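Listed here are the chains, written in short residue letters.
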Amino acid sequence: MTPLVVIKDLDKSFPGVKALKKARFELLPGEVHALMGENGAGKSTLMKVLAGIYRKDAGEICIEGVALDIPSPRAAQDLGISIIHQELNLMNDLTAAQNIFIGREPKRFGGLLLDEEALNRAAAEIFERMHLKLDPRVEVGQLTVAKQQMIEIAKALSFKSRVLIMDEPTAALNNAEIGELFSIIRKLRAQGVGIVYISHKMDELKEISDRVTVMRDGEYVGTVPTAAASVDTIISMMVGRSLTEEKTEVPDLSSHDVVLEVRNLRRSNVIQDVSFKLRKGEILGFAGLMGAGRTEVARAIFGADPLDGGEILIRGRPVTIRSPQDAVRLGIGYLSEDRKRFGLATGMDVAANIVMPCLGRFLSMNMFLKKRAIREMARSCIRQLRIKTPSDAQEVRFLSGGNQQKIVIAKWLARDCEILFFDEPTRGIDVGAKNEIYKLLNTLAAEGRAIVMISSELPEILRMSHRIAVMCEGRLTGELLAERATQEDIMRLATQRHSLTTTTANAATEGSTT
Amino acid sequence: MTTIAEKEAQTVIKSAAFSQGAWQKILAFASLIALMAVFSVASENFLQPDNLIGILQATAVNGVLAVAATFVIITGGIDLSVGTLMTFCAVIAGVFLTYWGLPMPVGIVAAIAAGALCGSVSGTLIAKMKIPPFIATLGMMMLLKGLALVISGTRPIYFNDTPSFPLISQESLIGSILPFLPIPNGVLILFMVAIASSFVLTRTAFGRYTFALGSNEEAVRLSGVNTDFWKIIVYTVSGGICGIAGLIIASRLNSAQPALGQGYELDAIAAVVIGGTSLSGGRGTILGTIIGALIISVLTNGLRILSVAQEWQTVVTGVIIILAVYADILRRKA
């Protein structure tokens, strides 16, 4: 069988970073090939070269045995190579069908007019093949992230792709949606499509992939059949060392002060009557499905979104938080789930980003920047968090996702916040960096900071939290003590719809406050 | 081992930074030199000291306005009102000095304060009322043009009662100390404004926030920075600098000409863009802007010396703007 894709000795550099060093990869027809590696290992870069987004510096790409140059995304499409990015690239104001056929719209009257009907029909056919119930005329901006992802896949299918690259496709999907995605992947595999699957989630890889290729620091480490490789083997290939997963011990916090108390928080129907307490040194996990309102609660407390009602008490004193500025002054930090949009000024350098929330501390005469002190602060954060960057003057956009996330954390460490909201702190981050971030969270808690950790990954919630709050449809449906909680308990609360909540939630809350 | 790697990395970064920021400046500077070389070969009058001083003199107003526009453009905004705001400030100076007969320092302060006040209005419209900068400053441009005409009764206000007023731009402080370097005060003011602005942009928290706003405003807001406040300050500072431009032009003409001003904003924006400041915000330098303003003046002056018709001068300036931005795009790709 001729491989669909063979990549040999591929090099690619960016200013200050050598992203790929003699990288290798092979994809067979009808195969799901997982590509793994820590953040900055070069997975996304390698695939972007294959998809014509980046030009290679050196090396060879063979498509079905023919050595080719792929100069543009268009050329890749013509070769039947499609990529679905981690960040979706859809035009929110156009309909689903218009998005799928952008640039290839069916025409009427000798190409003068668009044929909307044919467009919608063609899109509907693709949806049908995917068993997706969706109106092709719906505006993409109105859809959930999961549905938008499905449209990206539909778009790729419409190109009759032979090679489909998926970069972290399940990052924003819940379990049911992941199931749908996998059934589509299996159908495509049966049709002989080769699929490159980039993900950090081991259980998913075990379930869906045939082979795994591991990369580290831009280099090829090895390829193994998934069935024969244990998770530990893959992890040790990725990090070059073996990791131990251990459950945090839950300290006795009953004597600690309550630093944050929230009473009856309300905002239209996204936040409905949410109350909770957070103690010094505590990690409170916020679990729930996508859209349960967890991010909204964090943003509202942080002053990023307005509230309709409710009380916020910090160290027992009622406070008014009208803007993030107020929140930061009160010692609250918020690490957004979407670091590129909300967390970083990616065109600025590492040092500028780190001191952004606390620039006031680095001024002489309240005005002039103390450049040396800023660099020292940045350097100490780079050392402490082991951020991989050539220097503190590197622009953040050139760093990998995990290192960018560390810079967002560094921002709030530099600010010395007492209450920290971590919104999906390990999204899109590999196992090694995840562990570092877990350790960091534990250290922060041990130092006496109070932490709210929002996460959609149940093992993460169970492993890290001292106490778990579960939300569903804007309401807090229950609180659980971490030692006794199971994934099933959390899922039950996370799917508890309104009619059922009142009694059970109260029971759960009572149980946990003791 | 690590130190070697670090050093290597740092040199890479330095060269990267060099190709990022300095390249455009060098390119712009090289085109400036090339232009001057071409004109000095084409006409022996071009390199005459009087002509060179004339070029600088002609750059003073547009240069100061371009510096004002640079602040706003770095935040990712745009200010279409700089030209008519300049005129408005000149008229305010006229009101204070000629109508009311107040001492000159009062007039100077009033003109700059009027500029800052108008800037803060634009800033408030944009930051608090969320009106897009293009629209808000378009409105301000027309509003100020009208106000300047209303206040002055559509007639020029002369500064005949304030004999020292022309000194602001025309005399040469440098020339009185160094007779061989008779650089007019207007040009001196331009350089002082440029140096101060450059310092403010690179060394102060205000400057840092200016760049940060253009880079990712939402991330800055979520860092607990009062973005609305800083945005208003950016427009206020920009407006104050327009007030300085108003003083220079009024001093040079020894009058406030209320009908003047429209069209200046586009020259200023052109200088900023030629100087390599990104219209999408987040990057830019004052030095680039000054070089951009000089390129425009050299071009206008050189073509006039070569007796090229005024209409064609405008055509050439248009081509230069497009070429400058295209060069910037090519450089970014490389």
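Parameters and conventions
Residue numbers restart at each chain and count upward from 1, following the sequence in its written direction. Each chain is given a letter, starting from A, and each ligand a number, starting from 1, according to the order in which they appear as written. Where local features are concerned, this predicted model is filtered to residues with pLDDT of at least 70; where side-chain atom pairs are given and counted, the filter is 80 or more; whole-chain, interface and lining totals use all residues. Comment: elements are numbered from the N terminus, with helices defined as DSSP H or I runs of at least four residues and strands as E runs of at least two. The size measure is the radius of gyration over C-alpha atoms, and the globule rule it meets is 2.2 Å times the number of residues to the 0.38 power. Any residue surrounded by 20 or more other C-beta atoms within 10 Å of its C-beta is treated as buried, while 12 or fewer makes it exposed and the intermediate range makes it partly exposed; C-beta atoms here are placed from the backbone. We call two residues in contact if the C-beta atoms placed from their backbones are at most 7 Å apart. The criterion for strand pairing is that DSSP finds at least two bridges linking the strands in question. Helix axes are fitted to C-alpha atoms over the stretch in contact, other axes to C-alpha atoms as well, and angles between N-to-C directions run from 0 to 180 degrees. Amino acids outside the nonpolar list (Ala, Val, Leu, Ile, Met, Phe, Trp, Tyr, Cys, Pro) and the charged list (Asp, Glu, Lys, Arg) are all regarded as polar, and Gly is one of them. The quantity called pLDDT is the predictor's confidence in a given residue, expressed from 0 to 100. An angle below 35 degrees is read as roughly parallel, one above 145 as roughly antiparallel, one from 65 to 115 as roughly perpendicular, and any other as oblique. By definition, any crossing whose near helix is turned counterclockwise from its far helix by less than a right angle is left-handed, and any crossing with a clockwise turn is right-handed. Under the definition applied here, buried Ala, Val, Leu, Ile, Met, Phe, Trp, Tyr and Cys residues are grouped into a nonpolar core through C-beta atoms within 7 Å. In this entry, domain limits derive from an automatic or database-based domain assignment.

## A word on the overall build of chain A
Here is step 1 of the chain: Secondary structure summary: chain A contains 18 helices and 24 strands in total.
Here is step 2 of the chain: Taking 514 residues into account, the globule formula puts the C-alpha radius of gyration at 24 Å, and chain A, at 24 Å, falls close to it.
Here is step 3 of the chain: With respect to the three principal axes, the spread of C-alpha positions in chain A is 70 × 55 × 50 Å.
Here is step 4 of the chain: The 514 residues of chain A split such that 48% are buried.
Here is step 5 of the chain: Pairs at least 24 residues apart make up 68% of the contacts formed inside chain A by residues separated by at least 6 positions.

## Brief notes about the overall build of chain B
Here is step 1 of the chain: Of regular secondary structure, chain B possesses 12 helices and two strands.
Here is step 2 of the chain: Secondary structure of chain B in N-to-C order comes out as α-α-α-α-α-β-α-α-α-α-β-α-α-α.
Here is step 3 of the chain: For 334 residues, the compact-globule formula gives about 20 Å, and the C-alpha radius of gyration of chain B, at 21 Å, lands near that figure.
Here is step 4 of the chain: Here the C-alpha coordinates of chain B stretch approximately 75 × 55 × 40 Å along the principal axes.
Here is step 5 of the chain: The buried share among the 334 residues of chain B stands at 49%.
Here is step 6 of the chain: Long-range pairs, those at least 24 residues apart, make up 77% of the contacts in chain B between residues at least 6 apart in sequence.

## Focus on the sheet that holds strand 12 (residues 219–225) of chain A
All names here are of chain A.
Here is step 1 of the chain: Spatially, 6-9-10-3-11-12 is the arrangement adopted by the six strands of the open sheet, whose pairing is mixed. Looking at which strands have only one partner, the edges of the open sheet turn out to be strand 6 (81–84) and strand 12. Averaged over all pairs of adjacent strands, the angle between their axes in this sheet comes to 20°, without regard to strand direction.
Here is step 2 of the chain: As paired elements, strand 6 and strand 9 (residues 163–167) share four bridges and run parallel to each other.

## Comments concerning the sheet that holds strand 13 (residues 258–267) of chain A
Residues and elements named next belong to chain A.
Here is step 1 of the chain: Pairing in this open sheet of four strands is antiparallel, and the strands run 14-13-16-17 from one edge to the other. Two strands close off the open sheet at either side, each with one partner strand: strand 14 (271–279) and strand 17 (317–319). With direction set aside, neighbouring strand axes in the sheet form an average angle of 20°.
Here is step 2 of the chain: Of the strand pairs in this sheet, strand 13 and strand 14 are connected by six bridges, and their pairing is antiparallel. For L265, the partnering residue across the bridge sits in strand 14 and is V274.
Here is step 3 of the chain: The strands that helix 9 (residues 294–301) touches are strand 13, strand 14 and strand 16 (309–314); relative to strand 13, the one it contacts most, it runs at about 110°.

## Notes on the interface of chain A and chain B
Here is step 1 of the chain: Taken residue by residue, the interface counts 30 residues in chain A and 25 residues in chain B.
Here is step 2 of the chain: Taken together, the elements giving at least two residues each to the side of chain A that touches chain B come down to helix 10 (324–329), helix 11 (339–343) and strand 20 (368–369) of chain A.
Here is step 3 of the chain: The biggest single contributor to the side of chain A that touches chain B is helix 10 of chain A, with four residues.
Here is step 4 of the chain: Here the side of chain A that touches chain B is built from residues that sort into 20 nonpolar, eight polar and two charged.

## Some details on the confidence of the model for chain B
Here is step 1 of the chain: Across chain B, the average pLDDT comes to 88, with 91% of residues at or above 70.
Here is step 2 of the chain: Low confidence marks residues 1–20 of chain B, where pLDDT is under 50. Its contacts with residues over four positions away, or in another chain, come to 16 contacts.

## What about the packing of helix 7 (residues 185–203) of chain B against helix 8 (residues 205–221) of chain B?
All names here are of chain B.
Here is step 1 of the chain: Orientation of helix 7 relative to helix 8, taken along the N-to-C sense of each, is 75°, at an axis distance of 5 Å. By the criterion of interaxial angle, the relationship of helix 7 to helix 8 is roughly perpendicular. Contacts from V200, L201, T202 and R203 of helix 7 reach helix 8 at F206, G207 and T210.
Here is step 2 of the chain: Its residues assigned to classes, the contact of helix 7 with helix 8 comprises three nonpolar, three polar and one charged.

## Looking at helix 9 of chain A
Here is step 1 of the chain: Of all the eight residues making up helix 9 of chain A, eight are buried; the element is thus mostly covered by neighbouring parts of the structure.
Here is step 2 of the chain: Two residues or fewer after helix 9 of chain A comes G303 of chain A, characterised by a positive phi angle close to 85°.

## Considering the environment of A259 of chain B
Here is step 1 of the chain: Examined against the element boundaries, A259 of chain B turns out to sit in the loop between strand 2 (255–256) and helix 10 (264–274).
Here is step 2 of the chain: With 65 residues separating them along the chain, A259 of chain B and A194 of chain B place their C-alpha atoms 27 Å apart.

## A word on the packing of helix 2 (residues 49–74) of chain B against helix 3 (residues 82–99) of chain B
All names here are of chain B.
Here is step 1 of the chain: For the pair helix 2 and helix 3, the least separation of the axes is 10 Å and the interaxial angle reads 120°. By the angle between their directions, the pair helix 2 and helix 3 is classed as oblique. Crossing geometry of helix 2 relative to helix 3 is assigned as right-handed. Along the contact surface, helix 2 presents L65, A68 and A69, while helix 3 presents V82, G83 and M86.

## A word on the nonpolar core
Where a protein is soluble and globular, its nonpolar side chains tend to be buried together.
Here is step 1 of the chain: Residues V355 and I451 of chain A together with V64 and L65 of chain B are the most contacted members of the largest nonpolar core, which totals 184 residues.
Here is step 2 of the chain: Residue contributions to this core reach at least three from each of two domains, namely domain 2 (256–331 + 417–514) and domain 3 (342–416) of chain A.
Here is step 3 of the chain: Residues contacting V355 of chain A, with those up to four places away along its chain left out, are F362, I374, M377 and A414 of chain A.
Here is step 4 of the chain: By size, the runner-up hydrophobic cluster in this structure holds 65 residues, among which are I7, V32, M36 and A156 of chain A.

## Let's talk about the pairing of strand 18 (residues 332–335) of chain A
Residues and elements named next belong to chain A.
Here is step 1 of the chain: Across the two faces of strand 18 the burial is the same, with I332 and Y334 and G333 and L335 all buried.
Here is step 2 of the chain: Two elements, strand 18 and strand 21 (residues 419–423), share four bridges in a ladder whose sense is parallel. Note on strand 21: the bridge partner recorded for Y334 is F421.

## Focus: the environment of G146 of chain B
All names here are of chain B.
Here is step 1 of the chain: Among the structural elements, G146 can be located in helix 5 (residues 133–152).
Here is step 2 of the chain: For G146, a count of 13 C-beta atoms within 10 Å gives the class partly exposed.
Here is step 3 of the chain: Sequence spacing of G146 and F88 is 58 residues, and the spatial spacing of their C-alpha atoms is 9.1 Å.

## Notes on the confidence of the model for chain A
The predicted coordinates should not be examined in detail at positions where pLDDT is low.
Here is step 1 of the chain: Taken over all residues, the pLDDT of chain A has a mean of 85, while the share at 70 or more is 93%.
Here is step 2 of the chain: Throughout residues 499–514 of chain A the model reports pLDDT below 50, and contacts reaching past four residues in sequence, or to other chains, amount to 17 contacts.

## As for the domain arrangement of chain A
Quoted interface sizes are often the accessible area lost when the parts come together.
Residue and element names in this part refer to chain A.
Here is step 1 of the chain: Split by domain assignment, chain A resolves into domain 1 (5–239), domain 2 (256–331 + 417–514) and domain 3 (342–416).
Here is step 2 of the chain: Computed from C-alpha coordinates alone, the two centres of domain 2 and domain 3 are separated by 27 Å.
Here is step 3 of the chain: In this assembly, 10 residues from domain 2 lie in contact with nine residues from domain 3.
Here is step 4 of the chain: Of the residues forming the side of domain 2 that touches domain 3, the biggest block, three residues, is contributed by helix 15 (residues 431–446).
Here is step 5 of the chain: A per-class count over the side of domain 2 that touches domain 3 returns seven nonpolar, one polar and two charged.

## Description of unusual backbone geometry
Residue and element names in this part refer to chain A.
Here is step 1 of the chain: Within the chain, E168 stands out as a residue other than glycine whose phi angle is a positive 50°.
Here is step 2 of the chain: Relative to the helices and strands, E168 is located in the loop between strand 9 and helix 6 (175–190).
Here is step 3 of the chain: Of note, the phi angle at R315 is positive, near 50°, even though the residue is not glycine.
Here is step 4 of the chain: Topologically, R315 is positioned in the loop between strand 16 and strand 17.

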